[in-house]
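# What the coordinates show
The residues making up each chain are set out below.
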Amino acid sequence: MTTGEHDSQVSQPNPFLTQYVPPRIDGSFTGKHIITVDQFARKDLQILFDAAASLRKRVHESDRGLVELCNSKVMASLFFEASTRTDLSFQAAMRRLGGKVISASNGVQFSSVYKGENLADTVRAAGCYADVLVLRHPQLGSSYEAAYYLDKLNQRIQNPTVIISGGDGIGEHPTQALLDMFTIYDKKKQFNHLTVTMVGDLRHGRTVHSLAKLLTHYAPEQVTVCLVSPRSLTTPREIVARLQASGISVFETSELQAVLGQSDVIYWTRVQEERFAADPQEYEAVKDDFIITPAVMRHAKPDAILMHPLPRKHEMGTRSDHDILDEDPRAVYFEQMENGMFIRMALLAKVLRGVYV
Ligand code: NCD
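What comes next concerns the included structure. (Residues numbered from 1 in each chain as written. Predicted model: local features only at pLDDT ≥ 70, side-chain atom pairs only at ≥ 80, totals over all residues. Heavy atoms only, no water.)

### Structural notes on empty space enclosed by the protein
If you walk through the whole model with that rule in mind, you get two cavities of 30 Å³ or more. Computed from the structure, the largest cavity encloses a volume of approximately 80 Å³. Counting residues per element, the ones that place at least two in the lining of the largest cavity are helix 3 (85-96), helix 6 (174-188) and helix 12 (333-353). With five residues, the single largest contributor to the lining of the largest cavity is helix 12. By residue class, the composition of the lining of the largest cavity is five nonpolar, five polar and two charged. Two domains each provide a minimum of three residues to the lining of the largest cavity, namely domain 1 (3-172 + 338-352) and domain 2 (175-335). The computed volume of the second largest cavity comes to approximately 40 Å³. Lining the second largest cavity are Gly200, Asp201, Pro230, Trp268, Thr269, Val271, Val286, Lys287, Asp289, Phe290 and Glu315. For the lining of the second largest cavity, a count of residues per class yields five nonpolar, two polar and four charged. (1 Å grid on protein atoms, 1.4 Å probe; cavity = no way out; pocket = protein on both sides within 12 Å on 5 of 7 lines; lining within 4 Å. Points joined across faces, edges and corners; volume = space filled by probe spheres on them. Helix = DSSP H or I, 4+ residues; strand = E, 2+ residues; numbered from the N terminus. Nonpolar A, V, L, I, M, F, W, Y, C, P; charged D, E, K, R; others polar. Domains from an automatic or database assignment.)

### Observations concerning helix 11 (residues 319-327)
Those residues of helix 11 that fall on the buried side of the exposure criterion are Asp321, His322 and Leu325. Buried positions in helix 11, seen along its axis, are confined to an arc of 100° and lie on one side of it. Opposite the packed face of helix 11, turned more than 90 degrees from it, sit the exposed residues Arg319, Ile324 and Glu327. The inward-facing, buried residues of helix 11 contact helix 10 (294-297), strand 9 (305-307) and helix 12. (Buried < 20%, exposed > 50% of the residue type's maximum accessible area, 1.4 Å probe, protein only. Arc of directions from axis to C-beta. Contact = heavy atoms within 4.5 Å.)

### Side note on the packing of helix 3 against helix 12
As a packed pair, helix 3 and helix 12 sit with axes 8 Å apart at the nearest point and diverge in direction by 55°. The angle between helix 3 and helix 12 places the two elements in the oblique class. Between helix 3 and helix 12 the crossing geometry is right-handed. For the pair helix 3 and helix 12, contact is made by Arg85, Thr86, Ser89, Phe90, Ala92, Ala93, Met94 and Arg96 and by Met337, Gly340, Met341, Arg344, Met345, Leu348 and Leu352, respectively. (Axes fitted to C-alpha atoms, helices over the stretch in contact; angles between N-to-C directions. Parallel < 35°, antiparallel > 145°, perpendicular 65-115°, else oblique. Left-handed = near helix turned anticlockwise from the far one by under 90°.)

### Things to note about the pairing of strand 7 (residues 249-253)
Relative to strand 7, strand 6 (residues 224-228) is paired through five bridges, and the arrangement is parallel. In the sheet register, Val228 faces strand 7, and the bridge partner there is Thr253. A crossover connection joins strand 6 to the parallel strand 7 through helix 8 (residues 237-245); in handedness this β-α-β unit is right-handed. (Pairing = 2+ DSSP bridges. Right-handed = clockwise from strand over helix to strand, strands pointing away.)

### Structural notes on the side chain of His33
Topologically, His33 is positioned in the loop between helix 1 (16-19) and helix 2 (42-61). Overall, the relative accessible area of 2% leaves His33 in the buried class. A distance of 2.7 Å separates the side chain of His33 from the side chain of Asp151, its partner in a polar contact. Ignoring anything within four residues of it in the chain, the contact list for His33 reads Tyr20, Pro23, Gln39, Ala147, Leu150, Asp151, Thr161, Val162 and Ile163. (Polar contact = N/O pair within 3.5 Å; in protein donor to acceptor, adjacent residues only side chain to side chain.)

### Re the packing of helix 4 (residues 119-129) against helix 5 (residues 142-154)
Where helix 4 contacts helix 5, the axes come no closer than 9 Å and their chain directions differ by 50°. Relative to helix 5, helix 4 is oriented oblique. Pair helix 4 / helix 5 crosses with right-handed handedness. Across the interface between the two elements, Leu119, Ala120, Val123, Arg124, Gly127 and Cys128 of helix 4 pack against Ser142, Glu145, Ala146, Tyr149, Leu150 and Leu153 of helix 5. Partitioning the contact of helix 4 with helix 5 into residue classes produces eight nonpolar, two polar and two charged.

### Points about the sheet that holds strand 3 (residues 132-137)
As summarised here, the arrangement of the four strands in space is 2-1-3-4, forming an open sheet in which the pairing is parallel. Strands with a single pairing partner mark the edges of an open sheet, and in this sheet they are strand 2 (100-102) and strand 4 (162-168). Going from strand to strand, the sheet's axes swing by 20° on average, the running direction of each strand aside. Relative to strand 3, strand 1 (residues 74-79) is paired through five bridges, and the arrangement is parallel. By the bridge assignment for strand 3, Phe79 is matched with Arg136.

Written out as structure tokens, the structure is:
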């Protein structure tokens, strides 16, 4: 798919990544763009988790009915990269809040992006019509550029628009990390002496980048983070440094068996094939390094939880491995997926209305 003028630049970080400073939440979500987990303090996470738990209860009790907190609001969905869960859960979240969803009729590739329109203009067009935009884009830092230009637009139009990132390239995926933390919190109830093991493509996996940053809020509670990856796909150094600076014990290895038996949370990830366009051989060399199967899960703790942001491919073995793993009570990725809708409902309600849920 073309990404307008960014086609040739998508492999480079967007310059706004270092120029635009996103607002901190600091207890108040209303009207704030959500583009990095760095905006959240621990108390903000708790506000959001409480809201998501309350919304989950209300949705379940009403037989998946509506919780009409965003009746008059419109969300624009702008996905320049493939998505199932993020796209559908944001759309479902908005509709369950009573809001409406718009998107380019035949997908963003048939919007004016096809004619070569740049991101700043596409985003401002959507900003003229919608109250909130959800943007997924292949370029690292693209959501920073979108936020910058929406701020400019907001000075000129009557009703301001916020952007929520649905993932920017190999950078961050803030709402995924929020739902991941919510799931850990929900399943484990506390963070004391918790060992979180992330496995797979830790270099390109934006979900692990955001989740690792959020875990730094729980350092005083003796969280240990194990980072298991092929040597060529280790976690970016600045994220490892952030973890260590927070007081978290970090253990990097390419040997899963060194840490599997001690892990309370096993966060499995896909090797991000689409990030190897320049070197498909490199993908071939690492794609089978870490495969979680029912046999591997025999070495995990009985009360561990197995998470995965999905989609899954062969890093979870064959289809019959999937079927067996899905029956394992430790596999929580479907609850994790459902939680995505509740976290996004909470976030949309807070950002659009600041409502107490
Ligand atoms: C992830 C993503 O897009 O980063 N998926 C998701 O949003 N649930 C993980 C992936 O694609 O592997």
